[in-house]
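# Coordinate inspection notes
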Amino acid sequence: MDSVALFLPQLFNGLSVASLYLLAAVGLALSFGLMRVINMAHGEMLMLGGYLAWLTLMVVPGAFGILLALPVAFLGTAAIGALVHMGLIRRLADRPLDTLLATWGLSLILQQAARDLFGAIGVEVRAPDWLAGSISLGDVVIPSARLMIIVMTLLVLGGIALMLNRSRIGLDIRAVNQDRMMASATGINVRKVELTVFCAGAGVAGLAGVLLALLGPVTPNAGQVYIVPAFLVVVMGGLGSLTGTSMAALILGLFSALAQIFFDVSIAQMLMLVLVILFLQIRPQGVVAVRSRALDV
Amino acid sequence: MSDPDPMILSAAGAAPGAAPLTAPLAARLAPVGKALPWLALGLAVAAPWLLSAYDLNLLARFMAMAILALGIVLIWGHGGILSLGHGVFFGLGGYALAIHMKLADLPQGEIPDFMQWSGRTALPWWWEPFSSPMFTLLAVLVLPALVAGLFCWAVFHRRVGGTYFALISQALALAFATLLVSQQDVTGGFNGLTQFSSLFGFGLTRPSVVQGLYWVTLAIVVAAYLGLRLLLASRFGMLLRAARDGENRLRFLGYSPTPVKVAAFALSALLAGMAGALFTLHAGVISPALVGVIPSIEMIVWVAIGGRYSFAGAILGTLLINIARDSISSAFPELWLYVMGALFILVVTLMPDGLAGAARNLIERARAR
């Protein structure tokens, strides 16, 4: 087989996988930068987004129901994110490892609840006709759904970058990210900033869930497939940096897709872990490090 | 960190002795507290005569898991290292022994049935050395410790730790379990390795062997318990706690925290490997479902319930959770995940020091009265 013909579609595949990693990881990374905690139930936000898309399409069938599903999923998962933050994360402030465990417990409950409510097999979201086909560029055939994922990711990324760099709340976020105590001393409501970032992050994961639903059935453990790579993206990306997270997602997404040309999925997964550990040998602070003079960051 | 004095915590189980007992209630409770561990040990030794064969087998499995839990107390409670990948080391020990027992059952020159079904005609090269009992025993002990030591060193020597380490160790558990499932022709895939008839020439169905293996497991639990308490009372234990509470301060004092953490982690992996091997013996099976992401994190909940600083608590927590799991999940399989999820949330938010912490609070309150 022609190697280019094999390589190019897989490259494109890698871009769309990287996009999903990024959407799943960006909320985790931004909250981690602010609060130093990881929400292990973040994967279930993807799953909830998928189920919300399915529910929306039950109410509004039509060709453009999926466009309505995006805001529904965003708001729905953001609202649940708010509950998680207020009920669990805030209570466990300064105990990052315990937060990990408590949110893992939540993740188990959410998965089992989804299994009881929607069934273990999962539900099928039928992509509308305008997303079901594919576009051919020369020799390369690109499935529209995957193109949609990449476009949506670029939009979300642009939106977050604008928010961080051009808005008042973005300024506050960057301030808290740099120095939490100083930010608080200057009158920034740190709790509100944390809540905002956490909700927005959960919302973006919900969006990712809608996009995932275009690729395959929504199952109770839909989030689990993407969340472990998303954790690795956070580890590799560096503390709370949007650029670092994006680059890490790109590296890992492309790596995993290209490794799958030569190896089976399980070995590709192992290699991805090895890549991250090797990367940490060279740059333990991640792709992009926020500079700080603090000793215990 | 608001942890109470770890030296006192490490001695929880027996009441800390320094303070004079003034209150009558405390005075009445103290001998009971002292007698309790001996009573438990006596009951555990006598278990083969007290329990049915089925229950004894369950207890033996849970005892094997308790060995792993002791190792988690060492690294999580006293080292501050949260590993979400201990199933890997449990699995390495379990699979090493399972491969040996598979080979021992085979007639000369044959290969296991699952390999034939997958179309293999010869043993994979790395199966060969496991036909030697000495190599297998060595592998059970050394392989998990070696893998854990290397993995842990690679992360810690670059000063990556805390949450990052937990996430990376979880990725390790996922990768390990996926690899086991996908390489079906050499690992037995999803079903794992099962149906063993003998160990080093002893038939595994003979009642005397079953009882003997139970006592061996119990002896290892007791030895690990005593050994770890000694270890924590030593200079090493102090360095480990210091690395947990103030890694940078320890560096300023001229110590390197990395070797201490790596040694503790490797030791806990060694215990996990032994636990895996013994579990495989008692359960008669080792499979990816016992070593992946969810079992790995379940191991943490055993210790969280018992109390992360207390070795006695970890043993108790392991037994309690597994007994509960066994009775709940056989009747209502769906319910168990809810129970476990709720346990995680409640224990971590309401009683972070687990049952051992609650017991200590009770004792202290009684004494204060």
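Residues numbered from 1 in each chain as written. Chains lettered and ligands numbered in written order. Predicted model: local features only at pLDDT ≥ 70, side-chain atom pairs only at ≥ 80, totals over all residues. Heavy atoms only, no water.

In the annotation of an unreviewed UniProt entry, chain A is listed under the name Urea transport system permease protein and assigned to Sphingobium jiangsuense. Quoted verbatim from the Sequence similarities (unreviewed entry) heading of the UniProt record, the comment on chain A is "Belongs to the binding-protein-dependent transport system permease family. LivHM subfamily." In its Subcellular location (unreviewed entry) section, the UniProt entry covering chain A states "Cell membrane". (UniProt positions renumbered as here; feature names shortened; annotations may be inferred.)

All chains considered together, the criterion is met by twelve aromatic pairs over all chains. When the ring of Tyr21 of chain A is compared with that of Tyr226 of chain A, the centres are 6.1 Å apart and the planes differ by 65°; the resulting orientation is edge-to-face. Pair noted here: Tyr21 of chain A is in helix 1 (residues 3–35) and Tyr226 of chain A is in helix 10 (residues 222–237), with a separation of 205 residues, a long-range link. Classification of Tyr21 of chain A as buried rests on a relative accessible area of 7%. Judged by its relative accessible area of 16%, Tyr226 of chain A is buried. With 5.5 Å between their ring centres and 55° between their planes, Phe90 of chain B and Phe279 of chain B make a pair best called tilted. Note that Phe90 of chain B is positioned in helix 4 (residues 86–105) and Phe279 of chain B in helix 12 (residues 257–283), a separation of 189 residues in sequence. (Phe/Tyr/Trp six-rings, centres within 6.5 Å; stacked < 30°, edge-to-face > 60°. Helix = DSSP H or I, 4+ residues; strand = E, 2+ residues; numbered from the N terminus. Buried < 20%, exposed > 50% of the residue type's maximum accessible area, 1.4 Å probe, protein only.)

Notably, Arg36 of chain A is not glycine yet its phi reads approximately 60°, a positive angle. Its place among the elements puts Arg36 of chain A in the loop between helix 1 and helix 2 (42–59). Located in the positive-phi region is Arg159 of chain B, a residue other than glycine, with phi close to 60°. In this structure, Arg159 of chain B sits in the loop between helix 6 (133–156) and helix 7 (162–182). The exposed category is assigned to Arg159 of chain B, whose relative accessible area is 58%.

With that settled, consider the packing of helix 6 (residues 144–166) of chain A against helix 9 (residues 190–215) of chain A. Residues and elements named next belong to chain A. Running from N to C, helix 6 and helix 9 point in directions that differ by 170°, and their axes come no closer than 10 Å. With respect to helix 9, the element helix 6 is oriented roughly antiparallel. Counted together, Ala145, Arg146, Met148, Ile149, Met152, Val156 and Ile160 of helix 6 and Val204, Leu207, Leu211, Leu214 and Leu215 of helix 9 form the full contact between these two elements. Residues that form the contact of helix 6 with helix 9 fall into these classes: eleven nonpolar, no polar and one charged. (Axes fitted to C-alpha atoms, helices over the stretch in contact; angles between N-to-C directions. Parallel < 35°, antiparallel > 145°, perpendicular 65-115°, else oblique. Contact = heavy atoms within 4.5 Å. Nonpolar A, V, L, I, M, F, W, Y, C, P; charged D, E, K, R; others polar.)

Let us look at the pairing of strand 1 (residues 134–137) of chain A. Residue and element names in this part refer to chain A. Alignment of strand 1 against strand 2 (residues 140–143), held across four bridges, turns out to be antiparallel. Its bridge partner being in strand 2, Leu137 is matched across the sheet by Val140. Linking strand 1 back to strand 2 in an antiparallel pair, the connection comprises two residues, with Gly138 at a positive phi of about 60°. (Pairing = 2+ DSSP bridges.)

Residues and elements named next belong to chain B. On the surface, Val32, Leu36, Leu39, Leu43, Trp49, Leu50 and Leu51 cluster together into a nonpolar patch covering about 740 Å² of accessible area. With respect to the helices and strands, the residue Trp49 is situated in helix 2 (residues 24–50). With a relative accessible area of 61%, Trp49 lands in the exposed category. (Patch = residues over 30% accessible without salt bridge, like charges linked within 9 Å, V, L, I, M, F, W, Y side chains within 5 Å. Areas by Shrake-Rupley, 256 points an atom, 1.4 Å probe, with all protein chains shown as cover. Salt bridge = Lys/Arg side-chain N within 4 Å of Asp/Glu carboxyl O.)

For any two helices packed against each other, one specifies the crossing angle of their axes together with the interaxial distance. Residue and element names in this part refer to chain B. Packing of helix 13 (residues 293–306) against helix 16 (residues 354–368) leaves a shortest axis separation of 2 Å and a crossing angle of 0°. On the basis of the axis angle, helix 13 is roughly parallel to helix 16. Together, Ala304, Ile305 and Gly306 of helix 13 and Gly354, Leu355 and Ala356 of helix 16 make up the contact between the two elements. Taken together, the residues of the contact of helix 13 with helix 16 break down into four nonpolar, two polar and no charged.

Our next topic: the interface of chain B and chain A. On the chain A side, the residues contacting the 44 residues of chain B number 42 residues. Roughly 3,800 Å² of surface becomes buried between chain B and chain A when both sides are summed, with 75% attributable to carbon and sulfur atoms. It is Tyr164, Leu167 and Tyr338 of chain B that lose the most area in chain B upon contact with chain A, and together they represent 17% of the buried surface on that side. There are one salt bridge connecting chain B and chain A. A salt bridge links Asp98 of chain A to Arg308 of chain B; its shortest N-O distance comes to 3.0 Å. Taken together, the links from chain B to chain A amount to ten residue pairs in polar contact (both at pLDDT 80 or more). (Buried area = accessible area lost by both parts, 1.4 Å probe. Polar contact = N/O pair within 3.5 Å; in protein donor to acceptor, adjacent residues only side chain to side chain.)

A separate point is the environment of Leu103 of chain B. Mapped onto the secondary structure, Leu103 of chain B falls in helix 4. The spatial distance from the C-alpha of Leu103 of chain B to the C-alpha of Ser132 of chain B is 9.4 Å, given a sequence separation of 29 residues.

Okay, the pattern of salt bridges next. Counted by the stated rule, this structure contains ten salt bridges over all chains. Several salt bridges converge on common partners, so that one network encompasses Arg95 and Asp98 of chain A together with Arg308 of chain B.

Now for the UniProt feature "transmembrane region" (unreviewed entry) in chain A. Here the UniProt feature "transmembrane region" (unreviewed entry) sits at residues 20–38, 45–64, 141–164, 195–215, 227–254 and 261–282 of chain A. Between the C-alpha atoms that bound residues 261–282 of chain A there is a distance of 26 Å. The span itself is 91% helix and 0% strand.

Residues and elements named next belong to chain B. In this model, helix 12 (27 residues) spans 38 Å end to end at C-alpha, consistent with the 39 Å of a helix rising 1.5 Å per residue. Counting buried residues along helix 12, 23 of its 27 residues qualify, which places the element largely inside the surrounding structure. Just past helix 12, the residue Gly284 takes up positive phi, approximately 75°. (Expected span 1.5 Å × (residues − 1).)

Before going further, it helps to examine the side chain of His42 of chain A. Residues and elements named next belong to chain A. Relative to the helices and strands, His42 is located in helix 2. Residue classification places His42 among the buried positions, given a relative accessible area of 4%. A polar atom in the side chain of His42 sits 3.0 Å from the backbone oxygen of Ala24.

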